[in-house]
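Architecture and fold: a report
So you can see what is in the structure, the chains are spelled out below.
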Amino acid sequence: MSWSPSPSWIQRWFPERWKEIAGNAAMIQVWLNFLANGPCNALFTGPNRSGKTRTISLGIRAMVCTSRTPTFDPCGQCASCKAVPEGRAPHNGIFAALSGSEYSFHPIDCENVTVEELEALQYDGALDSDKVIVYLDEVGALRRRRLEGKLLKLIDEAPAIWIASAITLRRTQGKRKGEWTERLSKEMRARFPIKVGTALPHPDDLYQWIVARTQEWNITILEEEVTVPAMIERTTRRVGYLIHMFTAAATTIERTISSEDVARFNLDSAD
Ligand SMILES: [Zn+2]
């Protein structure tokens, strides 16, 4: 009677409870504090596949949920939880008011947002409350697109709460070669009183996390005591890559992962 989620379901998996996140303890603590005492502007940084988006997404879902659990997990049942399933869909205006959410939510995809859209947000008064959360996904893109100045002004003038994510990349040349950097301006960084980076999970915690997912997703790891450590090492402890491995396993008839699969796995290591 075990349930076998499809490959695409696993690929799109988002945690529904804080305990389903591996590592990232400092980021989780920021959200738990926000949920207990109210949020402020915060910048979340980290390399690709290190769990930034999934952690922010859970935080936003918990903020807009109207009946959070005692451990600050979103309930998954209320109108707001249903409206913001992955923390990506907007939740504002009349709909947010009807659902009874304390907070409303505007996601901004900084790779694609237009000047007109930023101006509309500014002038229609949508950001005139500290019960409005704006999520700037990949805020570094604004600098490249020469929109950063426009947004700095908006962040200063609008009372909304600004939550930003920025990818960190390893420098490949120059004096600071090998260092991780966000490619944000000093001015942008200065708008965020809280800046927190992702942190890789401890291998022991990640081992438990992998085993928990295999049970939940009906996937078998062959020679677990050899294969799980190989998975942890090969993915450099990044959950996003582990999810790719689980997704690929779910496409096979037996739904298995072997140490050979792990060695052969094609990782898109962008950094
Ligand atoms: Zn809810």
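Refer to the structure presented above.
Everything in this summary refers to the structure shown in the same document. (Residues numbered from 1 in each chain as written. Predicted model: local features only at pLDDT ≥ 70, side-chain atom pairs only at ≥ 80, totals over all residues.)

1. A look at the nonpolar core
Counting residues in hydrophobic clusters, the biggest one holds 46 residues, and the most contacted among them are I133, V134 and I163. Elements represented by at least two residues in this core include exactly α2 (25–37), β1 (42–46), α3 (52–64), β2 (104–109), β3 (132–137), α8 (148–157) and β4 (161–167). With residues near it in sequence (within four places) discarded, V134 still touches H106, I108, L127, A160, W162 and I163. Within the second largest apolar cluster, 20 residues are counted, among which are L206, I221, A249 and A250. (Core = buried A, V, L, I, M, F, W, Y, C linked by C-beta atoms within 7 Å. Buried ≥ 20, exposed ≤ 12 C-beta atoms within 10 Å, placed from the backbone. Helix = DSSP H or I, 4+ residues; strand = E, 2+ residues; numbered from the N terminus. Contact = placed C-beta atoms within 7 Å.)

2. Focus on helix α12 (residues 239–250)
Spanning twelve residues, α12 covers 16 Å between terminal C-alpha atoms, matching the ideal 16 Å at 1.5 Å per step. Among the twelve residues that make up α12, nine are buried, leaving the element largely enclosed by the rest of the structure. Along α12, the residues that are buried comprise V239, Y241, L242, I243, M245, F246, T247, A249 and A250. Those residues of α12 that are buried are in contact with α1 (7–11), α10 (203–217), α11 (224–234) and β9 (256–257). (Expected span 1.5 Å × (residues − 1).)

3. Topic: the pairing of β1
With five of its five residues buried, β1 lies for the most part within the structure. Neither face of β1 is exposed, since A42, F44 and G46 on one face and L43 and T45 on the opposite face are all buried. With four bridges connecting them, β1 and strand β7 (residues 194–197) associate as parallel partners. What sits directly across from L43, in β7, is K195. (Pairing = 2+ DSSP bridges.)

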